[in-house]
Amino acid sequence: MVVLVRARNPLNIGAAARAMSNFGAHRLRLVNSYAAGFQEARSAVGASDLLHQAEEYKTVAEAVADCALVVGTTAVRNRVLQQPVRRLDEDSGTTIRKQLQSERVALLFGSEKIGLTNRDFSHCHWLLNIPTGQQNISMNLGQAVAVCLYELARNTLERSTPLPPAAEDLKPATAGAIEQITEALLEALRISGYVKPGTEAMFEKKARWLVLRFRLEGYDAKLLLGMVRQIVWKLRQGDKR
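Values in this document were obtained by computation on a predicted structure and should not be read as measured data.

Definitions and limits used
Within any chain, residue numbers begin from 1 and follow the written order of that chain's sequence. Owing to the predicted nature of the model, reporting of local features is limited to residues with pLDDT of at least 70; listing and counting of side-chain atom pairs is limited to 80 or more, with chain, interface and lining totals taken over all residues. As a rule here, side-chain values cover all heavy atoms of the structure and leave hydrogens and water aside. Note on pairing: DSSP must find at least two bridges between two strands before they are called paired. Strands are runs of DSSP state E lasting at least 2 residues, helices are runs of H or I lasting at least 4, and numbering of each runs from the N terminus. Structural elements are reduced to axes, namely lines fitted to C-alpha atoms, with helices fitted over the stretch in contact, and the angle between N-to-C directions of any two is expressed from 0 to 180 degrees. When accessible area is computed with a 1.4 Å probe and restricted to protein chains, residues below 20% of their type maximum are described as buried, those above 50% as exposed, and intermediate ones as partly exposed. By convention a nonpolar core is built from buried Ala, Val, Leu, Ile, Met, Phe, Trp, Tyr and Cys residues, the set being connected through side-chain atoms within 4.5 Å. It only takes one pair of heavy atoms within 4.5 Å for two residues to be counted as in contact. Candidate patch residues must exceed 30% relative accessible area and have no salt bridge, after which like charges are joined if within 9 Å and Val, Leu, Ile, Met, Phe, Trp or Tyr side chains if within 5 Å. Each accessible area is a Shrake-Rupley result for a 1.4 Å probe, and residues are judged covered by the shown protein chains and nothing else. Between Lys or Arg on one side and Asp or Glu on the other, a salt bridge is scored when a side-chain nitrogen of the former is within 4 Å of a carboxyl oxygen of the latter. If an angle is under 35 degrees, it is roughly parallel; if it is over 145, roughly antiparallel; if it lies from 65 to 115, roughly perpendicular; otherwise it is oblique. Note on convention: the crossing is left-handed when the near helix lies turned anticlockwise from the far helix by less than a right angle, right-handed when the turn is clockwise. Any residue outside Ala, Val, Leu, Ile, Met, Phe, Trp, Tyr, Cys, Pro, Asp, Glu, Lys and Arg is labelled polar, Gly included; the first ten of those are nonpolar and the last four are charged.

K.L.:
Can you lay out the sheet that holds strand β1 (residues 2-5) for me, pointing to particular residues and giving the numbers?
P.N.:
As summarised here, the arrangement of the seven strands in space is β3-β2-β1-β6-β4-β7-β5, forming an open sheet in which the pairing is parallel. Looking along the sheet, the strands with just one partner apiece sit at the ends: β3 (55-57) and β5 (85-87). Pairwise comparison of adjacent strand axes, ignoring direction, gives a mean angle of 30 degrees for this sheet. Pairing analysis gives three bridges linking β1 to strand β6 (residues 105-109), with the strands arranged parallel. Of the residues in β6, the one forming a bridge with L4 is F109.

In structure tokens, the structure reads:
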């Protein structure tokens, strides 16, 4: 879950909620949020439901009481920190993802002005830092939430990306596949009335040559055949009325 501590700017709160909806985080908690800013943020495009379900707390301790792992975010600067600081990378992301498999995890973000305080850090098991250029190490709240959640969701997103076609699908379509497409196309043309009586032989020759010129790969042939068969099915339904 994401915990925003003393957030004030409605645009940042809205952006954080939108990032949560983008990357599959569904629970938002706010600690001492600026009431007017939170109410205005509830109109955030694409995240209004998440904001309406957000839970409000008076203290960080209350907000993270049911969490087995609490991770605070920090730009570090020149602060003396008691908790270990880890970079946001694949290793830290994996640690959090493993914990999420069995327990609730809280990811804390501080206010736009001062971030999290040492008192806030006292509730954290360890701290997380987003590597940035030294010229400007502090990130906008909404951006920081988005970057952290992207890293946590990255492996899941990659696994959900459709796999590329198999090797056999990249080979040229077989003559049998071309014939199936041609027959389905001719049937669609006949049912629709495009092919006039006495012209069937001519259209069959033209249709077959047309499909051959596409030089379809196996995957594309499967896709096109499915499309044409769906058209034929729909035309048949209309032909029965």
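This is not the end of the story, as more comes after the structure.
K.L.:
Describe in detail unusual backbone geometry, supporting the description with residues and values.
P.N.:
A positive phi angle, close to 60 degrees, is found at R6, a residue other than glycine. Position of R6 relative to the elements: it lies in the loop between β1 and α1 (10-22). Unusually for a residue other than glycine, R215 sits at a positive phi of about 50 degrees. Of note, R215 is situated in the loop between α9 (200-213) and α10 (218-240). A relative accessible area of 75% means that R215 is categorised as exposed.

K.L.:
Just give me the short version of the nonpolar core, but keep the residues and values in it.
P.N.:
Membership of the largest hydrophobic core comes to 30 residues, with the highest contact counts inside it found for L4, M20, L28, L107, F109, V145 and L149. Mapped by element, the contributors of at least two residues to this core are β1, α1, β2 (28-31), α3 (48-52), β4 (69-73), β6, β7 (126-129) and α7 (141-160). Among the elements that make up this core, the one with the highest residue count is α7 (six residues). When residues no more than four places from it in sequence are discounted, the contact partners of M20 are V2, A25, H26, R27, L28, L50, V145 and L149.

K.L.:
Residues and numbers for a nonpolar patch on the surface, please.
P.N.:
Side chains of Y219, L223 and M227 sit close together on the surface and give an oily, nonpolar patch of about 300 Å² of accessible area. Here M227 lies in helix α10. Of the residues examined, M227 reaches a relative accessible area of 47% and is grouped as partly exposed.

K.L.:
Please set out the packing of helix α8 (residues 175-192) against α9 residue by residue, giving values where relevant.
P.N.:
Direction vectors running N to C along α8 and α9 enclose 135 degrees, while the axes themselves pass 9 Å from each other. Relative to α9, the element α8 lies oblique. Note on packing geometry: the crossing formed by α8 with α9 is right-handed. Where α8 approaches α9, its residues I178, E179, I181, T182, E183, L185 and L186 are matched on the opposing element by F203, E204, A207, R208, V211 and L212. By residue class, the composition of the contact of α8 with α9 is eight nonpolar, one polar and four charged.

K.L.:
Account for the environment of K234, with residues named and values stated.
P.N.:
Looking at the secondary structure, you find K234 in helix α10. On a C-alpha basis, the gap between K234 and A188 in space is 9.5 Å, while along the polypeptide they are 46 residues apart.

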